[in-house]
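Summary of structural features
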Amino acid sequence: MEEIITIDRMGYGAQAVGRLDNGKTVFVEGGAPGDVAAVEIVEDKPTFARARIARLEEASPLRAKPRCEAGATCGGCPWQHLAYDTQLDAKRANVVAALERTAKLDHERAEELVRPCLPSKRQWGYRNKLELGAAFDEHGTFQLGFHREGTHDIASPGICPLAHDAIAKAPKALRGALRFAQGSADLGIFRVGVRHSLRTGDLEVALWTNPGSFPRGHIAKTVKSAVKASSIVRVMADPGKARKIKGVETLDGKGCWEEQLGSASYLASAPSFFQVNTAQAEKLVACVIEGLGGRMAEDGPEGLDDLLIADLYAGGGTFSVPLAQAGAEVLAVEAAGSSVRDLRRNADLNRVDVEVIGGDAARELPELGDLDALVVDPPRAGLADGVVESIAAAEPTRVAYVSCDPATWARDVARFEACGYRLESVQPVDLFPQTYHVEVVSIFARLERRARKERP
């Protein structure tokens, strides 16, 4: 049975949100705010429903013409049917909604705190990295492509317009090359990562495989014939979510990937995380530096002289290096071994002093002592239980919290405000155009300022 509804807004997800005649919230894939659509219910739950658009009675003026033909099967650009300004407004609205719904802030304060979302200069062709799933299908054919969100299905588009031009056609090229190289054999390749830098020209291919024998030279030669790689590496790991890494070996080239972020250079090894939108990552760094009282000058960050700042979940040094460039004394905490090595290497590369602490943030934090400021950029799950309390015990005057998930971030906002900190500003940054994802840089200030202790 069909029902005609008006789409009200975008939710935090691929789907738009409207209401049925009975008042029930309905989630509609492919909808845009302002659409008047005839929808068919595909799932009816007690508190909500899901529907598909049977036909558009009146298309919203906020729609845009989709650019990626594979979007419906891949799921990598679920908001490509929205005008870019509409995407930005929806992302900001979702951050505001998270503060109201999860952090329990009143609407007026949430609206006042959240700034307009910082747009990406590149709305397509912005990704410096592609992560491809690999598997043999039921016919024994090697498949390489994108996992549709929430499934194990592999979509195999020929091109990805979200990626840099240099790697946009890599899925198709590598699929053909690896099919040829493997033949009917299964070499245990379950994932392929491709990274490219517009600034350095580096292009790295990382083959994730099961441990065991591997025709290194043959595969490297075949991959290099498909893409102009400056580095080809093999990451030996157990497949699955844990991805316990057993080793990394260079098959060809320099064995790492180099990127430039602002006035800093970074070397990243294959297992290590790096933001996928380089230009927008620079805006994240600027927001953090300025939020802690520094400034971005022409020759690099400055203005944090003599401050003791901890950087938790530091990765390869995205924030640690510019904090040190700005004059701070930096304590960087990171648990992943590959990132710890990258962090030390990047501090040396940029000639800055960073004290690198390899370990879990929750465990190491109580040992850091009194801090002037703190930066935290946790994984999607947010901060573990007890970490906010440990941060409060260290009494930093200001905290910069960078998040890729508004829901877990808003939960932690409530925790900070319960521990003597007040949320001062929230800056959404669009690192992922054509998707619902958004990064948030938030700044907290301690309500009771402590007397600063002199350090030896």
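All values reported here derive from a predicted model rather than from experimental measurement. Residue indices follow the written sequence of each chain, beginning from 1 at its first position. Thresholds applied to this predicted model are a pLDDT of at least 70 for local features of residues and 80 or more for the giving and counting of side-chain atom pairs; totals over whole chains, interfaces and linings are not thresholded and use all residues. Neither water nor hydrogens contribute to the side-chain values; these are computed over all heavy atoms in the structure.

1. Here's the deal with the overall build of the chain
The condition is simple: Strands are runs of DSSP state E lasting at least 2 residues, helices are runs of H or I lasting at least 4, and numbering of each runs from the N terminus. Computation of the radius of gyration draws on C-alpha atoms alone. For the globule rule, the value is 2.2 Å times the number of residues to the power 0.38. Exposed residues in this analysis have more than 50% of their type's maximum accessible area, buried residues have under 20%, and partly exposed residues fall in between, with area computed by a 1.4 Å probe over protein chains only. Contacts: residue pairs with any heavy atoms within 4.5 Å of one another.
Helix and strand counts for the chain come out as twelve helices and 23 strands. For the chain, the C-alpha radius of gyration of 23 Å lies close to 23 Å, the compact-globule estimate for 456 residues. The proportion of buried residues among the 456 residues of the chain is 55%. Taking the intrachain contacts of the chain between residues at least 6 apart in sequence as the baseline, contacts between residues at least 24 apart amount to 61%.

2. Remarks on the UniProt feature "binding site: S-adenosyl-L-methionine" (unreviewed entry) in the chain
Which entries qualify depends on this criterion: UniProt positions are given in the numbering used here, feature names are shortened, and annotations may be inferred rather than shown by experiment.
The sites that UniProt annotates as "binding site: S-adenosyl-L-methionine" (unreviewed entry) are Q275, Y313, E334 and D377. Positionally, E334 belongs in strand β18 (residues 329-334). When sequence neighbours within four positions are dropped, the list of residues in contact with E334 reads Y313, A314, G315, S339, V340, I357, G358 and G359. In this structure D377 touches Q275, L312, Y313, F319 and V402, once residues within four positions along its chain are discounted.

3. Here's the deal with a negative patch on the surface
Test applied: Only residues above 30% relative accessible area that lack a salt bridge enter a patch, with like-charged residues linked at up to 9 Å and the nonpolar side chains Val, Leu, Ile, Met, Phe, Trp and Tyr linked at up to 5 Å. The Shrake-Rupley method, run with a 1.4 Å probe sphere, supplies the accessible areas, and residue values consider only the shown protein chains as cover. The term salt bridge refers to a side-chain nitrogen of Lys or Arg lying within 4 Å of a carboxyl oxygen of Asp or Glu. Neither His nor the chain ends is counted toward charge; the positive residues are Lys and Arg and the negative residues Asp and Glu. In this description, the location of a charge corresponds to atom NZ of lysine, CZ of arginine, CG of aspartate or CD of glutamate.
A cluster of acidic residues, D305, D306, E329 and E355, forms a negative patch at the surface. Mapped onto the elements of the fold, D306 is located in the loop between β16 (300-302) and β17 (308-312). On the basis of relative accessibility, which here comes to 58%, the residue D306 falls in the exposed class.

4. Considerations on the environment of G327
Locating G327 in the fold gives a position in the loop between α8 (320-325) and β18. Since its relative accessible area comes to 30%, G327 is described here as partly exposed. Between the C-alpha atoms of G327 and L374, which are 47 residues apart in sequence, the distance is 14 Å. Non-local contacts of G327, meaning those with residues more than four positions away in its chain, are made with L304, D305 and D306.

5. Regarding the domain arrangement of the chain
The condition is simple: Where a domain begins and ends is set by an automatic assignment or by a domain database. Two parts placed together each lose some accessible area under a 1.4 Å probe, and adding up what both lose gives the buried area. As used in this structure description, the phrase polar contact means that two N or O atoms lie within 3.5 Å; if the pair is within protein, one of them must be able to donate a hydrogen and the other to accept it, and residues adjacent in sequence are counted only when both atoms belong to side chains.
Under the domain assignment, the chain is made up of domain 1 (2-63), domain 2 (94-121 + 277-446) and domain 3 (129-260). On a C-alpha basis, the centres of domain 1 and domain 2 stand 36 Å from each other. The partner domain 2 presents eight residues to the five residues of domain 1 that form the contact. Taken together, both faces of the contact between domain 1 and domain 2 bury some 460 Å²; the carbon and sulfur share is 59%. Counting across the interface, domain 1 meets domain 2 through zero salt bridges. Here domain 1 is connected to domain 2 by one residue pair in polar contact (both at pLDDT 80 or more).

6. Topic: the sheet that holds strand β1 (residues 2-10)
Strands belonging to one sheet form pairs held by backbone hydrogen bonds; the direction of such a pair is parallel or antiparallel. Counted only if it meets this: Note on pairing: DSSP must find at least two bridges between two strands before they are called paired. Axis definition: a line fitted to C-alpha atoms, limited for helices to the stretch in contact. Angles are taken between N-to-C directions and run from 0 to 180 degrees.
In spatial order, the strands read β1-β2-β3-β5-β4; together these five strands close into a barrel with mixed pairing. Pairs of neighbouring strands in the sheet enclose a mean axial angle of 55°, with direction left out of account. Sheet topology places β1 next to strand β4 (residues 36-44); five bridges connect them, and they run antiparallel. Across the sheet, the residue bridging to I5 is A37, located in β4.

7. Here's the deal with the sheet that holds strand β7 (residues 142-147)
Within the open sheet, the seven strands sit side by side as β8-β7-β6-β9-β10-β11-β12. Their pairing is mixed. In the strand order of this sheet, the two ends are held by β8 (154-155) and β12 (245-253), each with one partner. In terms of strand pairing, strand β10 (residues 203-209) meets strand β11 (residues 231-237) through six bridges, oriented parallel. Within β11, the position partnered with T209 by the bridge is M236.

8. So, the side chain of D311
As for its position among the elements, D311 is in strand β17. An unpaired buried charge is present at D311: no salt bridge exists, and R344, the closest side chain of opposite charge, is 13 Å distant. Apart from the residues within four sequence positions on either side, D311 is in contact with F319, S320, L331, A332, V333 and V375.

9. Focus: the packing of helix α2 (residues 84-101) against helix α12 (residues 406-418)
What counts here: Note on angle classes: values under 35 degrees are labelled roughly parallel, values over 145 roughly antiparallel, values of 65 to 115 roughly perpendicular, and the remainder oblique. Should the near helix be turned anticlockwise from the far one by less than a right angle, the crossing is left-handed, and should it be turned clockwise, the crossing is right-handed. By the convention adopted, Pro, Cys, Tyr, Trp, Phe, Met, Ile, Leu, Val and Ala count as nonpolar, Lys, Arg, Asp and Glu as charged, and the other residues, Gly among them, as polar.
Closest axis-to-axis distance for the α2/α12 pair is 9 Å, and the angle between their directions is 40°. Classified by the angle between their axes, α2 and α12 sit oblique to one another. Handedness of the crossing formed by α2 with α12: right-handed. Between α2, through V95, A98 and L99, and α12, the contact on the second element is made entirely by P406, W409, A410 and V413. Of the residues belonging to the contact of α2 with α12, the class tally is seven nonpolar, no polar and no charged.

10. Details of the pairing of strand β14 (residues 264-268)
Across the five residues that make up β14, a large majority, five, are buried. In β14, alternate side chains face the same way, and those of A264, Y266 and A268 on one face and S265 and L267 on the other are all buried. Remark: two residues form the turn of the hairpin made by strand β13 (residues 257-261) and β14, two consecutive strands paired antiparallel; G262 in that turn has positive phi of roughly 65°.

11. Things to note about the packing of aromatic side chains
Our working definition: A pair of aromatic rings is counted whenever rings of Phe, Tyr or Trp (Trp by its six-membered ring) have centres within 6.5 Å, and the orientation is called stacked for planes under 30 degrees apart, edge-to-face for over 60 and tilted otherwise.
All chains considered together, the criterion is met by eight aromatic pairs. Geometrically, the ring pair formed by F416 and Y421 is edge-to-face, given 6.0 Å between the ring centres and 85° between the ring planes. Judged on exposure class, the residue F416 and its partner Y421 are both buried. One aromatic cluster in this structure is built from Y401, F416, Y421 and F444.

12. Here's the deal with the pattern of salt bridges
In total, this model carries 27 salt bridges according to the counting rule given. For E131, the salt bridge identified is with R191, shortest N-O distance 3.0 Å. On the criterion of sequence distance, the pair formed by E131 in strand β6 (residues 129-136) and R191 in strand β9 (residues 189-196) is long-range, its members being 60 residues apart. A relative accessible area of 8% means that R191 is categorised as buried.

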